[in-house]
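Structural features, examined
Here is what each chain is made of, one letter per residue.
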Amino acid sequence: MKGILAIAATAFLAATAAWAEIGDDGLHVAPWLNETFKDLREDLVEANAEGRRFAVIIEQRGCIYCREMHEEVFVDPEILEMLNEDFFFVRIDMYGGTDVTDFDGRTLSERDAVRRWRTLFTPTILFFPEDVPPEATAVEAAVATMPGAFGRGTTRNMLHWILEEGYDSDESFQAYHARMLREGGTISE
């Protein structure tokens, strides 16, 4: 039975990986990415109104790790469900020129905002609390940062940890992830 499930899961992931589409800007198209005016203050209000957690993903054209996340990780059924239902994601193009308004009200191009936030790698995901002080920048306000590409198990656990507000507990993400692995709560890939 496990063999049949593994084959079915592999076929599903292969089919959804082929579905991953690239937009005219060279970045992946995904149903869970929200098109907004990139005013983080407004985006946070909208995410809260929808009962979802606000996050920003920073990507760039041609990023092999972004491709890996979109084609192998974000298509995992449980992860995809969380991305669609529990999170409100806005994408920032690491080298883009579109204006972004930070939480402190400062408006910069995407590339300048990314530099201000000291982000060096893509993909990087910044997760935010429900309330952000008006003087904070995105990097100051983030309750957690996921720098780079991770496997399905680590990503799944990170999303759960954020939803459970683990960042407000005494259990670090690393300890939570290790506990989930010990308890069989997720796979490590």
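Scoring rules and cut-offs
- Residues numbered from 1 in each chain as written.
- Predicted model: local features only at pLDDT ≥ 70, side-chain atom pairs only at ≥ 80, totals over all residues.
- Heavy atoms only, no water.
- Patch = residues over 30% accessible without salt bridge, like charges linked within 9 Å, V, L, I, M, F, W, Y side chains within 5 Å.
- Areas by Shrake-Rupley, 256 points an atom, 1.4 Å probe, with all protein chains shown as cover.
- Salt bridge = Lys/Arg side-chain N within 4 Å of Asp/Glu carboxyl O.
- Lys, Arg positive; Asp, Glu negative; His and termini not counted.
- Charge placed at Lys NZ, Arg CZ, Asp CG, Glu CD.
- Buried < 20%, exposed > 50% of the residue type's maximum accessible area, 1.4 Å probe, protein only.
- Helix = DSSP H or I, 4+ residues; strand = E, 2+ residues; numbered from the N terminus.
- Contact = heavy atoms within 4.5 Å.
- Phe/Tyr/Trp six-rings, centres within 6.5 Å; stacked < 30°, edge-to-face > 60°.
- Pairing = 2+ DSSP bridges.
- Axes fitted to C-alpha atoms, helices over the stretch in contact; angles between N-to-C directions.
- 1 Å grid on protein atoms, 1.4 Å probe; cavity = no way out; pocket = protein on both sides within 12 Å on 5 of 7 lines; lining within 4 Å.
- Points joined across faces, edges and corners; volume = space filled by probe spheres on them.
- Nonpolar A, V, L, I, M, F, W, Y, C, P; charged D, E, K, R; others polar.
- Parallel < 35°, antiparallel > 145°, perpendicular 65-115°, else oblique.
- Left-handed = near helix turned anticlockwise from the far one by under 90°.

Negative charge collects at one region of the surface, where Glu-130, Asp-131, Glu-165 and Asp-168 lie side by side. Looking at Asp-168, the relative accessible area reads 62%, which means it is exposed.

Below, the discussion takes up the environment of Glu-21. Structurally, Glu-21 can be placed in strand β1 (residues 21-22). Its relative accessible area of 46% is what places Glu-21 among the partly exposed residues. Sequence-wise, Glu-21 and His-70 are 49 residues apart; in three dimensions their C-alpha atoms are separated by 9.2 Å. Discounting chain neighbours no more than four positions away, the residues touching Glu-21 are Leu-27, His-28 and Val-29.

Time to look at the packing of aromatic side chains. Tallying each qualifying case throughout the model produces 11 aromatic pairs. With a centroid separation of 6.4 Å and 85° between ring planes, the pair formed by Phe-54 and Phe-103 is classed as edge-to-face. On the criterion of sequence distance, the pair formed by Phe-54 in strand β3 (residues 53-59) and Phe-103 in the loop between β5 (99-101) and β6 (107-109) is long-range, its members being 49 residues apart. Overall, Phe-54 belongs to the buried group, its relative accessible area being 1%. The class for Phe-103 is buried, based on a relative accessible area of 4%.

Within a sheet, each strand pairs with its neighbour through backbone hydrogen bonds, oriented either parallel or antiparallel. One open sheet holds the four strands; their spatial order is β4-β3-β7-β8, and the pairing between them is mixed. Sheet topology places β4 (87-93) and β8 (144-147) at the edges, where each strand pairs with a single neighbour. When strand polarity is set aside, the average angle formed by the axes of neighbouring strands in this sheet is 20°. In the sheet, β3 pairs with β4 via seven bridges, with the strands oriented parallel.

We now examine the layout of surface pockets. The computed volume of the second largest pocket comes to approximately 180 Å³. Here the lining of the second largest pocket is built from residues that sort into two nonpolar, three polar and six charged.

Right, let's talk about the packing of helix α7 (residues 152-163) against helix α8 (residues 173-183) for a bit. Relative orientation of the contacting elements α7 and α8 amounts to 120°, with a least axis distance of 10 Å. Of the possible angle classes, the one that applies to α7 and α8 is oblique. The two elements α7 and α8 meet at a crossing, and its hand is right-handed. Note on element contacts: α8 touches α7 through Phe-173, Tyr-176, His-177 and Met-180, opposite Gly-153, Thr-154, Asn-157, Met-158, His-160 and Trp-161. Grouping the constituent residues of the contact of α7 with α8 by class yields five nonpolar, five polar and no charged.

Moving on: the pattern of salt bridges. Going through the model one piece at a time under the given rule, you end up with 12 salt bridges. Asp-76 is the salt-bridge partner of Arg-152, the closest N and O atoms lying 3.7 Å from each other. Taken together, the residues Arg-152 in helix α7 and Asp-76 in the loop between α3 (64-73) and α4 (77-85) connect sequence positions 76 residues apart. The class for Asp-76 is buried, based on a relative accessible area of 9%. Residue Asp-104 is joined to Arg-116 by a salt bridge in which the shortest nitrogen-to-oxygen separation is 2.6 Å. Of the two residues, Asp-104 is situated in the loop between β5 and β6 and Arg-116 in helix α5 (residues 110-116); the sequence distance between them amounts to 12 residues. For Asp-104, a relative accessible area of 27% gives the class partly exposed. Sharing partners across several salt bridges, the network here consists of Asp-76, Glu-78, Arg-152 and Arg-156.

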